[in-house]
Every structure is written in structure tokens, then in C-alpha cells.
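Summary of structural features
In case you want the letters, here they are:
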Amino acid sequence: MTSIAYFEVLTQGGMLALLGLWSAILIRDHWRLMTVRFALAMNIGIAAYVFHTFLIADLLSVSAPGFFWLFARSWFDDDARIRPLHLIVALIPILLIGILESGIAGRGSARVLVDAMMRLMMLGLALAGLWTAWRGRKDDLVEPRRRFRTMLIGSVGGYTVLVTALVPFVNAGLLPQSVATIVTSGTLIVTFGWCFGMLAMRDQDLFAPAMLVGASQDAPSSPMLVALARRLDTHMRTERPYRADGLTIAALANQLGEQEYRMRRLINGHLGYRNFAAFLNRYRLDEVRAALSDPAQRAVPILTIALDAGFGSLAPFNRAFREAEGMTPSAYRQAQN
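Residues numbered from 1 in each chain as written. Predicted model: local features only at pLDDT ≥ 70, side-chain atom pairs only at ≥ 80, totals over all residues. Heavy atoms only, no water.

Let's shift gears to the overall build of the chain. From N to C terminus, the chain includes 18 helices and zero strands. Burial status across the chain gives 42% buried among its 337 residues. For the chain, the accessible area works out to roughly 17,600 Å², and carbon and sulfur atoms hold 63% of it. (Helix = DSSP H or I, 4+ residues; strand = E, 2+ residues; numbered from the N terminus. Buried < 20%, exposed > 50% of the residue type's maximum accessible area, 1.4 Å probe, protein only. Areas by Shrake-Rupley, 256 points an atom, 1.4 Å probe, with all protein chains shown as cover.)

Okay, here's the thing in C-alpha cells:
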């Protein structure tokens, strides 16, 4: 066995051990969560990419970007809903490689086209997952998860682009096989960082819901923190800053003359919210409930009430209202009047 081959075997073994450890912990502690199942499927895909020696491994390896997207969507976006269409899109690379391996695409230009489509789809899914991590970073109130977003974007994003650019040239014989070994080593480094970051988080920082009911009662609170919470609540109810389009936590902190990090700790650690949007929706929904219960506003369209309260469009408003009340806004108005 050459030194390069020996190094590759060690790299593969190390990666398998890391993925196995993280997967075992996820199965033990969080198996019932859909986010965790996507993570496990992603881990299988990564392992198959490293050990691809037969057809089923090829099929599994191309599924990794799709399950990474689903994992990112369900973990980083607290309000995300994974629908059957999302799963179908994530599995398209498997369909395309099945076409390639079955010989349906032939050996000419059609095969080249299908192969290019598969790789572009894999790259697109990986980038979609990274975009999900990027776009919500400012509103994420869970500090370990917010830091992990940055690490994920830099490492996985850069590595995904690198692999997508190099592997086709290695497979075509235009680059030496040693490049593939370097790529595998990079996979180990990224996987190590990924697993270390995830294992370092507390359970409540991993997969808790957007609002931790009772968190404010369980968390230790100083008198200064309690006073700041009261001042924040008064400001929200009298000035109604949640109505402003694009309100950020930095802007809210500035309105109160506080540091942004203190506001983050207050809303997350004391009030129990995992993202800023969920915190704002609490006050928006309170205003909507009051308007729907007011006989004088019975003729005001529900959409107008929702937009005035700060909701950007009807769909997220309806979803947030149904989750909070267990009924539609129309049914709620009818029940109150």
C-alpha cells in the first residue's frame, strides 16, 4: 500500500468514526425530530461519498446536498415547513444518477448533459442550504447556533464549490488521483469541524422550538434584567416598533439605548425566544387579536389588520395565527363578535 493510499484509508476511518459518533448521539437523544432524521440521512450520504465503491453508495452519495438543504431549512429556520415537494426536489440528484447508471442516457452528449444537470442540482441544493443559514443569522437569538452559521457558511460553502469544480476533472482524467485524496482530506476537516460544533452545543440550543415556554421562569434573572424586560415590554406596547418593516434587533436595542448583545440575551435567555421574528410576532398577534375582538373594527378587512400590525403578507400571518390560536383569523373574529 502506497503512502497516499494509507493516508486515504486513515482519513476515511476518521471521518466514519466522527459521523458514527454524532449519529449515535442524535439517535439516542433526538430520534423523533424530523431535523435529526435529515441530519442522519445527510451523514449517510457523506459517508457514501467517501466510500463510494458500488451503485447503492453512488446513489446515497449524491443525496447528501439535498439532505443538507433540508437539514439547514428545518434547523436554521424555526418557522420552516418541510413539504413533500421539498423532499422531491432534494432527491432529484438520485433520479439523475439512476438515469446515468442504468444506461438510459446512453454514452454520448445526452449522458454529458444529464451528468452536468446532476452536478448543478447538487451544487444548487448545497448553496440553498448555505443561503438558509446566511439569511437568518441576524435574527437568530441562540448565540451558539448563530456562530455555527458563520462557520458552516465558510467551511461547507467553500468546500462545496471546491469539490464541484475539481471532481469532474479528476473523473475525466484531467487531474491526478492525488487531488481526490486531498478532497477526501478536506472532507475530514469539514466533518470534524461540523461534528465538533454540533457536539459542543447544549440540547436546548440544538432543536428546541422557537419559543421555550416557561424559559423566563427557569432562567436566573437579575433585578436589572427584570427591569429591562419590563421597559422593553412597555416600549413594545406603547411605541409599537414591531409595526416597522425590517425592524432588526440592533435597531430595537438602539431605541432603548441598550447594547445589542444585552438585548439578545434578554429576549433569548430571559424571555425564551430563539429568533427575533417569533418575539415580534407575539406583539403583532396581540394587536391582531384586539382588533378582531373589537366590534368597531368588524368591517375592517383581516388583511388590513395584519399588515397594520407588521406582518409582511397574508401567508405568514395566517400560519402564525393558526399556530397560536388553533383556528383561522376569520373563525376567531366570528367567535369574538
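That covers the picture; the talk isn't over yet.
Below, the discussion takes up the confidence of the model for the chain. When the pLDDT values of the chain are averaged, the result is 82; 82% of them are 70 or greater. Here residues 212–219 is modelled with pLDDT under 50, and outside its nearest four sequence neighbours on either side it reaches eight contacts, counting other chains as well. (pLDDT = per-residue confidence, 0-100. Contact = heavy atoms within 4.5 Å.)

Another point: the environment of R147. Its location among the elements puts R147 in helix α8 (residues 143–171). A residue is classified by how much of its surface remains accessible, and R147, at 51% relative accessible area, is exposed. Residues R147 and G197, 50 residues apart in the sequence, show an inter-C-alpha distance of 9.4 Å.

For the rest of this paragraph, the subject is the nonpolar core. With 24 residues, the main nonpolar core has F76 and L152 as its most contacted residues. Taken together, the elements giving at least two residues each to this core come down to α1 (3–30), α2 (34–50), α4 (64–76), α7 (109–135) and α8. For this core, the element with the most residues is α4, which contributes eight residues. Among the nonpolar cores identified, the runner-up in size contains 22 residues, and L225, M263, A278 and Y283 belong to it. (Core = buried A, V, L, I, M, F, W, Y, C linked by side-chain atoms within 4.5 Å.)

On inspection of all chains with the given rule, the structure shows 15 salt bridges. For D29, the salt bridge is made with R28, and the minimal N-O distance between the two is 2.8 Å. For D29, a relative accessible area of 33% corresponds to the partly exposed category. A salt bridge links D115 to R119, with the nearest nitrogen and oxygen atoms 3.3 Å apart. Separated by four residues within a single helix, D115 and R119 lie in helix α7, roughly one turn from each other. Given the relative accessible area of 23%, R119 is considered partly exposed. A network of salt bridges, in which partner residues are shared, links D233, R237, R282, D286, R289 and E325. (Salt bridge = Lys/Arg side-chain N within 4 Å of Asp/Glu carboxyl O.)

Locating E258 in the fold gives a position in the loop between α13 (249–256) and α14 (260–270). We classify E258 as buried; its relative accessible area is 18%. In this structure the side chain of E258 is engaged in a polar contact, spanning 2.5 Å, whose partner is the side chain of R231. (Polar contact = N/O pair within 3.5 Å; in protein donor to acceptor, adjacent residues only side chain to side chain.)

Here the focus is a nonpolar patch on the surface. Taken together, the side chains of I44, I56 and L60 present a nonpolar region at the surface, about 240 Å² in accessible area. With respect to the helices, strands and loops of the structure, I44 is situated in helix α2. Given the relative accessible area of 48%, I44 is considered partly exposed. (Patch = residues over 30% accessible without salt bridge, like charges linked within 9 Å, V, L, I, M, F, W, Y side chains within 5 Å.)

All right, on to the environment of M151 then. Looking at where M151 falls in the secondary structure, it is placed in helix α8. The class of M151 is partly exposed, set by a relative accessible area of 30%. Through-space distance from the C-alpha of M151 to that of G193 is 8.4 Å; in sequence the pair is 42 residues apart.

Glancing now at helix α12 (residues 223–239). Taking 1.5 Å of rise per residue, the 17 residues of α12 would be expected to cover 24 Å, and the 24 Å separating its terminal C-alpha atoms lies within 8% of that figure. Residues of α12 that are buried: L225, L228, A229, L232, H235 and M236. Axial view of α12: buried residues confined to an arc of 130°, hence all on one face. In α12, those exposed residues whose orientation departs by more than 90 degrees from the buried face are P223, R230 and T238. In this structure, the buried residues of α12 make contact with α13, α14 and α15 (276–293). (Expected span 1.5 Å × (residues − 1). Arc of directions from axis to C-beta.)

With that out of the way, let us pick up the packing of α13 against α14. At a closest axis distance of 9 Å, the pairing of α13 and α14 adopts a crossing angle of 105°. One finds that α13 runs roughly perpendicular with respect to α14. In this structure, α13 uses I249, A250, A253 and L256 to contact α14, whose residues at the interface are E260, M263, R264 and I267. Tallied by class, the residues present in the contact of α13 with α14 amount to six nonpolar, no polar and two charged. (Axes fitted to C-alpha atoms, helices over the stretch in contact; angles between N-to-C directions. Parallel < 35°, antiparallel > 145°, perpendicular 65-115°, else oblique. Nonpolar A, V, L, I, M, F, W, Y, C, P; charged D, E, K, R; others polar.)

Direction vectors running N to C along helix α6 (residues 92–102) and α7 enclose 160°, while the axes themselves pass 9 Å from each other. Considered as vectors, α6 and α7 are oriented roughly antiparallel to each other. Seen from above, α6 lies across α7 with left-handed handedness. Contact residues: I92, P93, L96, I97, I99 and L100 in α6; R111, V114, D115, M117, M118, M121, M122 and L125 in α7. Across the contact of α6 with α7, the residue classes break down as twelve nonpolar, no polar and two charged. (Left-handed = near helix turned anticlockwise from the far one by under 90°.)

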